[in-house]
Amino acid sequence: MKESIKNPQLIMEERKAVKLFLWSFYIVYFSFDILTYILKMDKIGGPEDGLGFWIHALLIVILSIAIWTMKKGNPYLVKYIYIYSYLLIDFINTLIIYLGNTKQYTSGHIVEVLFILFSPIFVSKRYFWTVNLGMAGKYIVLGLILHDFQVMITIIVYTILSGIAYVVLIRFYSYINSLSSVHDELRKKEKLAVIGQMAAAIGHEIRNPLSSLKGFTQLQQERYPNTNDFYPIMIQEIDRINSIVNDLMYIGKPRAIKFEKASIEEIIAYTLSITQQQAERQGITVETIMAGPLPPIDCDSKQLKQVFLNLIKNAIEAMPDGGCIKINVKVVGKQKMYISIQDEGCGIKDENFFNLGEPFFTTKEDGTGLGLMVTNQIIKEHLGEFNLHSEIEKGTRVEVSLPISH
């Protein structure tokens, strides 16, 4: 879980985890010390050795800093304050007690086990590795300084405990990722449901007057063919509006798929015939490689024509200064039809890449943000796969794979 995320719910959960940790830390620490001091009153390492009761005073100061940090709205720092402070205080205390003394080093504190076993609760891999590598590093350095390599026993025990804690941490991550994906899916469906209701209502209201407007424009063009050069442009723009309305209507009420055997060559040839004029105007050439003979596929040919029309138009619009579009069609493993469309356009920026396909998200000045979403939905309904690969200033490759009928 990223600690830079300022989600109020995540901050609240972090606060709960920190409070539980603080209660556990001080109860375990002071209980262990009271018991240890009772049993070791006259032995090395007792209250009169090392930092003694100053450790407890320092821990109270650290608690004050932790409370102040939480009030400032950054509970994520508290766990790091405690692990770093503990490692430093315990390291100095151990050196004061044992350095220059012939007695075998037998120090250590039960709170270290709490640090290790509690680390998954914060659901942070960075903190997990900070705790475990910090503990191991402390004992390795102390073993070298004090020439007491029995610390390896402690390191081995802590490594086993770390393994258990890591398994718990991975399970937490898996659980949170599952919840996040379900939440995102529900949010998308909720958004699409609202958009669908709006789209259906708006689409119906626009389509009727649009048909009348197009018919009247065509009639005027036929009556006065030589009086105005703007009629073709007007009809073209009306067709563009109609295309947008069709996308809206698809969102509002997805069409039933009528699966029939169709030729992928014919579908792509039809699409290229529609986009040919636009490509020629922009100085774009199209290279098509068909690794045939290609078997028929079970599909709704009208919907697939819409898919490839959207994808090829996107490729053309990505190259306003001309270029080449490469279309490659082949059979993969006798089970899938693979179609790739590669352009030489500007590419897609990283910050925009993961938003592609979201309703009404577009990087075009006159785009609607519906085409790619409808395209993805149609491919899913055909049990196919859709992938995008893009490099800035090098171009974008769209890959579509569809099941082959047998």
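Everything discussed here concerns the structure shown above.
Calculation rules
- Residues numbered from 1 in each chain as written.
- Predicted model: local features only at pLDDT ≥ 70, side-chain atom pairs only at ≥ 80, totals over all residues.
- Heavy atoms only, no water.
- Axes fitted to C-alpha atoms, helices over the stretch in contact; angles between N-to-C directions.
- Helix = DSSP H or I, 4+ residues; strand = E, 2+ residues; numbered from the N terminus.
- Parallel < 35°, antiparallel > 145°, perpendicular 65-115°, else oblique.
- Left-handed = near helix turned anticlockwise from the far one by under 90°.
- Contact = heavy atoms within 4.5 Å.
- Nonpolar A, V, L, I, M, F, W, Y, C, P; charged D, E, K, R; others polar.
- Phe/Tyr/Trp six-rings, centres within 6.5 Å; stacked < 30°, edge-to-face > 60°.
- Buried < 20%, exposed > 50% of the residue type's maximum accessible area, 1.4 Å probe, protein only.
- Lys NZ or Arg CZ within 6 Å of the ring centre and 35° of its normal.
- Salt bridge = Lys/Arg side-chain N within 4 Å of Asp/Glu carboxyl O.
- Pairing = 2+ DSSP bridges.

Caption draft 1: Focus on the packing of helix α4 (residues 111-118) against helix α5 (residues 125-146). Put simply, α4 and α5 touch, their axes get as near as 9 Å, and they point 150° apart. By the criterion of interaxial angle, the relationship of α4 to α5 is roughly antiparallel. For the crossing formed where α4 meets α5, the hand is left-handed. Side by side, α4 and α5 meet where Glu112, Phe115 and Ile116 of the first sit next to Tyr127, Val131, Asn132, Met135, Lys138 and Tyr139 of the second. Residues that form the contact of α4 with α5 fall into these classes: 6 nonpolar, 1 polar and 2 charged.

Caption draft 2: Spotlight on the packing of aromatic side chains. Scanning all chains against the criterion turns up 21 aromatic pairs. Ring geometry for Phe21 versus Tyr82: centroids 5.9 Å apart, planes at 90°, classification edge-to-face. A residue pair is termed long-range when its members are at least 10 positions apart, and Phe21 in helix α1 (residues 8-39) and Tyr82 in helix α3 (residues 78-98) qualify at 61 residues. Of the two residues examined, Phe21 and Tyr82, each falls in the buried class. Ring geometry for Phe21 and Phe115: centres 5.6 Å apart, planes at 55°, overall tilted. One end of the pair, Phe21, is in helix α1; the other, Phe115, is in helix α4, and 94 residues separate them in sequence. In terms of burial, Phe21 and Phe115 fall into one category: buried. One cation-aromatic arrangement involves Lys79 over Tyr127; the distance from NZ or CZ to the ring centre is 5.9 Å. The ring of Tyr173 carries the charged tip of Lys125 above its face, separated from the ring centre by 5.0 Å.

Caption draft 3: Region of interest: the pattern of salt bridges. Under the counting rule described, the total for this entry stands at 8 salt bridges. Between Lys138 and Asp90 there is a salt bridge; the shortest N-O distance is 2.5 Å. Of the two residues, Lys138 is situated in helix α5 and Asp90 in helix α3; the sequence distance between them amounts to 48 residues. According to the relative accessible area criterion, Lys138 is buried, its value standing at 5%. The salt bridge involving Arg397 is made with Glu399; its shortest N-O contact spans 2.8 Å.

Caption draft 4: Structural view of the pairing of strand β5 (residues 336-342). The element β5 is largely enclosed, with a buried count of 5 among its 7 residues. Note: strand β4 (residues 323-332) against β5, 7 bridges, orientation antiparallel. Directly across from Val331, in β5, lies its bridge partner Met337. Taking the residues between adjacent antiparallel strands as the criterion, β4 and β5 are bridged by 3 residues, where Gly333 takes a positive phi near 60°. Inspection of the sheet shows β5 paired to strand β7 (residues 395-403) by 7 bridges, in the antiparallel sense. Across the sheet, residue Tyr338 finds its bridge partner in β7, namely Ser401.

Caption draft 5: Structural context of the sheet that holds β4. Sheet architecture is open: 5 strands sit in the order β2-β4-β5-β7-β6, paired in mixed fashion. The outermost strands of the open sheet, each flanked by one partner alone, are β2 (284-290) and β6 (385-391). Averaged over all adjacent pairs, the angle separating strand axes in this sheet is 15°, with direction ignored. On top of the sheet, helix α8 (residues 264-281) reaches β2, β4 and β5; it is set at about 170° to β2, its chief contact. Those strands touched by helix α9 (residues 301-317) are β2, β4, β5, β6 and β7, and its axis lies near 25° from that of β5.

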